[in-house]
Amino acid sequence: YVRSCAVSVVDVIIVDGHKILRMNRDINYYNDLVDEINLNDITSSKENYKILQRLKDNEQRSVVMIPDIDIGRQSNDGDFTVRDGDDLGWLGYFIGKSNQLSLLGFHQFQAEREQREQIYEMMEGIKRNQSISRLVIDTDHVGIIENLGPLFGGNKNLKSLHYEGEHTLNVASALEVPSSLTCLNVHGQDGLDDDGDEGLLGIFTALRGQAQLEQMSILGYNFGRPCCEALGTLLRTTSRLTQLDLGNNAIDDLGLSMLAAAAGLNCHIQRIFLVNCQDITAVGLRAFGSVFQSVNCNLQYLDIRSIRIDDAGLEALATGLAGNKSLNTLRFDRDDASITGTGWSALSTLLCDTSSINNIYLSNHTLRNFGSGDTPSNIVQYLKLNEIYDRRAVAKCKILLHHPDLNVEPFFLHKLKFLPIVMSWLQSGTSYLFYLEESHDKYQRRELSTVYKFIRGMPLTTVDGYWNQRLKDIHSKKRQLQLDLQMLEDDERCVLKRVRR
C-alpha cells in the first residue's frame, strides 16, 4: 500500500538489542494514502478493523490499547488488542484526526518487536488530537511516557490523566508543560517506584505550574516526610484544588502535621482521603485539628479508614471539630477493642454538649455521616438531627430533646414580655416532631406546661402590675404639680418686687 510515496530511512534505533530501521512516515505520508488504504491490511482482527473504521468515520468515542493476553478485564467496545499485523502508525494517525474521541487508554500495553518503532509514529499522530479529555496509562513503555508532555501542551481539552506505574520522573517531566489538566491520578504498584521520592518531588514541584488542577490522587508510593513537605508547599500555592487523595502512603504523624499546616491555609479543599495510612496515630489526628479550626476551612469530607482509631484518636477528632461548621462526613473503621465509652462520650459531647442549653446551641450541628459500623444510639440520633438543613432548627431539636421541661425562671426578670417569644419558639418545633420521636399531643402538653409555669411563677407580678402603674402615674402627676407650683412662686416673687417699686 506504500505505492510511489517517498519513504526514506532517517535513522537506526536499538530495540531489545536489535537494530531496527526507523522510517520517516510523516503526516503527508498518511494524508496521501488515507483514501486508498485498505484497513484490513493494517489490522490484525475484525474488532480492530471496526475501531479503525469508526475512527476514520469520526464515530469512535474511546480507544483502549490492550495486550493479546488474558488480563482479567471485561471486554469493552473500544478495546484495541495489539497484535502482530496492527500498524500502530495508522492507528495514531486516525486518533489524531478524530474530533469525537474522548478516552484514550494504554492498559498493560505491549508491542511486538517489529512494531516498536511504530510507537513513535503513533504518538506523533496522537499528539495532533484535540478531542481527548481523559488519558489512562497503565504501562511504563518509554515510548508512551516520554511523549506525554507534547500531548498535554497541544490538547486544551485534555482534563484528566490516570497513570499507574513506576516511572514518576517521566510523569513529572511531562507535567512541566503547561496544560489544561484538572484531574491527576498517579498510582503506584505495591509501594514500588523505580524513581523513589525524586519522582514524586518532581511531580509536586511541576504541579505548582498547573494552577487549574482541581483533583489530585497520589496512591501507593509510600512517600515520606520530604514528599509531605513538598506537597505542603504545593497546597499553599494551589488555588483550585478541591479533592486530595493520599491513601496507602507512609505518611506518619509528623508528615500529617506538615500537610495540616498547609491545608489549613487552603480554603478550597473539600475532600481529603487518607485511607490505609497506617503510621498515623492520635498525635497526628490532634495536629490535623488545626485544619478543622482554621477560618479558611471548607473541608466537607474526611476518609481515614484503615487507620487504627482508639479512644485517644476519637478524642483528638472531637477536640479538633469543636466549632467546625463545614465537615459533614467522617469515615473511619471502628475497632471494638480500641474504642470504649470514653471515646464515644467525646464524640457525643461534640455533637450535643448537654451541660447547658447554651452549650447545646454551640455544639456541632454539621457532622451527619459516619462510616464506622455500629454506633451508639444517642450518636446515631444526633447525626440524624444534623441532617436537618437549618442549623438553628437542629439546635432547637437538641434543646427540646434534652430539656422537655423548660426552665422559664430566667425570663421572669422581663415579666410577661418573653412569653409570646417562648411560645412562638415552641410552636415552630412542631415541624420537627418526627426527629424528636414525639406525638403532637405530648408536645402540646409541653407547650401548656410552659404557659402554666409562666403564670404560676408571676401571679403577684401580674396582679401588682396594675397598681404599680397607677402609682407611677400618681408620682408623675405629683412631679408635674410641683413644677407648676414652683413656676407660680417664681411669678409671685417677680410681681411683689414690682409692686414695692
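Relevant structure appears above.
All of these numbers come straight from a predicted model, not from anything done at the bench.

## Examining the side chain of D311
Residue placement: D311 occurs in helix α12 (residues 311-321). In this structure, D311 is in contact with S338, I339, T340, T342 and G343, ignoring residues within four places of it in sequence.

## Quick notes on helix α7 (residues 168-175)
Every buried residue of α7 is listed here: T168, V171, A172, A174 and L175. Projected onto a plane normal to the axis of α7, the buried residues spread over an arc of 160 degrees and lie on a single side.

## Quick notes on the pattern of salt bridges
One pass over the full model with this rule turns up ten salt bridges. Across the pair E124 and K127 runs a salt bridge, and its minimum N-O distance is 2.7 Å. Of the charged contacts, one joins R493 and D490 as a salt bridge, the two residues approaching to 2.2 Å between their closest N and O atoms. Of this pair, R493 and D490 are both found in helix α20 (residues 459-500), three residues apart, which corresponds to roughly one turn of the helix. Judged by its relative accessible area of 44%, R493 falls in the partly exposed class. Through salt bridges with shared partners, a single network forms among R25, D87 and E121.

## A closer look at the pairing of strand β3 (residues 62-67)
Counting buried positions along β3 gives five out of six residues, so the element sits mostly inside the fold. Both β3 and strand β5 (residues 103-107) contribute to a ladder of four bridges, which runs parallel. Note that in β5 the partner of V63 across the bridge is L104. As paired strands, β3 and strand β4 (residues 79-82) are joined by four bridges and run parallel to one another. The partner of M65 across the bridge, within β4, is F80.

## Digging into the environment of I455
Structurally, I455 can be placed in helix α19 (residues 440-457). C-alpha separation for the pair I455 and L416, spaced 39 residues apart in sequence, amounts to 8.6 Å.

## Some details on the nonpolar core
If you look at the biggest cluster of nonpolar residues, it comprises 108 residues, and the most contacted ones within it are F106 and M122. When near neighbours in sequence (up to four residues on either side) are disregarded, F106 contacts M65, M122, M123, I126, L135, V136, I137, D138, T139 and I144. Counting 17 residues, the second-largest nonpolar core is a separate cluster that includes L385, L406, Y432 and Y443.

## Let's talk about unusual backbone geometry
Unlike most non-glycine residues, N58 shows phi in positive territory, near 60 degrees. Mapping N58 onto the fold places it in the loop between α2 (46-56) and β3. Not every positive phi belongs to a glycine, and N248 is a case in point at roughly 60 degrees. Take N248: it is sitting in the loop between β10 (243-245) and α10 (253-263). A residue is classified by how much of its surface remains accessible, and N248, at 34% relative accessible area, is partly exposed.

## Some points on the sheet that holds strand β11 (residues 271-273)
One open sheet holds the twelve strands; their spatial order is β4-β3-β5-β6-β7-β8-β9-β10-β11-β12-β13-β14, and the pairing between them is parallel. Two strands bound the open sheet, and with one partner strand each, they are β4 and β14 (369-370).

## Looking at helix α9 (residues 225-237)
Helix length check: α9, at 13 residues, gives a terminal C-alpha distance of 19 Å against a target of 18 Å (1.5 Å per residue), a fit within 8%. For α9, the set of buried residues is C227, C228, A230, L231, G232, L234 and L235.

## Remarks on the pairing of strand β9 (residues 215-219)
Bridging between strand β8 (residues 183-187) and β9 involves five bridges; their strand directions are parallel. Bridge pairing in β9 links H187 to L219. Note: β9 against β10, three bridges, orientation parallel. Along β10, the bridge assignment pairs M216 with L244. In this fold, β9 hands off to α9, which returns the chain to β10; that crossover is right-handed.

## Topic: the packing of aromatic side chains
Centre distance and the angle of the planes are the two values used to describe a pair of aromatic rings. Taken as a whole and assessed by the stated rule, the structure comprises 13 aromatic pairs. Each ring, one from Y29 and one from Y30, has its centre 5.1 Å from the other, and the planes form 85 degrees; the classification is edge-to-face. Taking the relative accessible area as the measure of exposure, Y29 reaches 5% and is therefore buried. Consider the rings of Y30 and Y93, whose centres lie 5.3 Å apart with planes at 20 degrees: the pair is stacked. Taken together, the residues span a long stretch of sequence, with Y30 in helix α1 (residues 27-33) and Y93 in helix α3 (residues 88-97) at a distance of 63 residues. Taken as a pair, Y30 and Y93 share a single burial class, namely buried.

Conventions adopted
- Residues numbered from 1 in each chain as written.
- Predicted model: local features only at pLDDT ≥ 70, side-chain atom pairs only at ≥ 80, totals over all residues.
- Heavy atoms only, no water.
- Helix = DSSP H or I, 4+ residues; strand = E, 2+ residues; numbered from the N terminus.
- Contact = heavy atoms within 4.5 Å.
- Buried < 20%, exposed > 50% of the residue type's maximum accessible area, 1.4 Å probe, protein only.
- Arc of directions from axis to C-beta.
- Salt bridge = Lys/Arg side-chain N within 4 Å of Asp/Glu carboxyl O.
- Pairing = 2+ DSSP bridges.
- Core = buried A, V, L, I, M, F, W, Y, C linked by side-chain atoms within 4.5 Å.
- Expected span 1.5 Å × (residues − 1).
- Right-handed = clockwise from strand over helix to strand, strands pointing away.
- Phe/Tyr/Trp six-rings, centres within 6.5 Å; stacked < 30°, edge-to-face > 60°.

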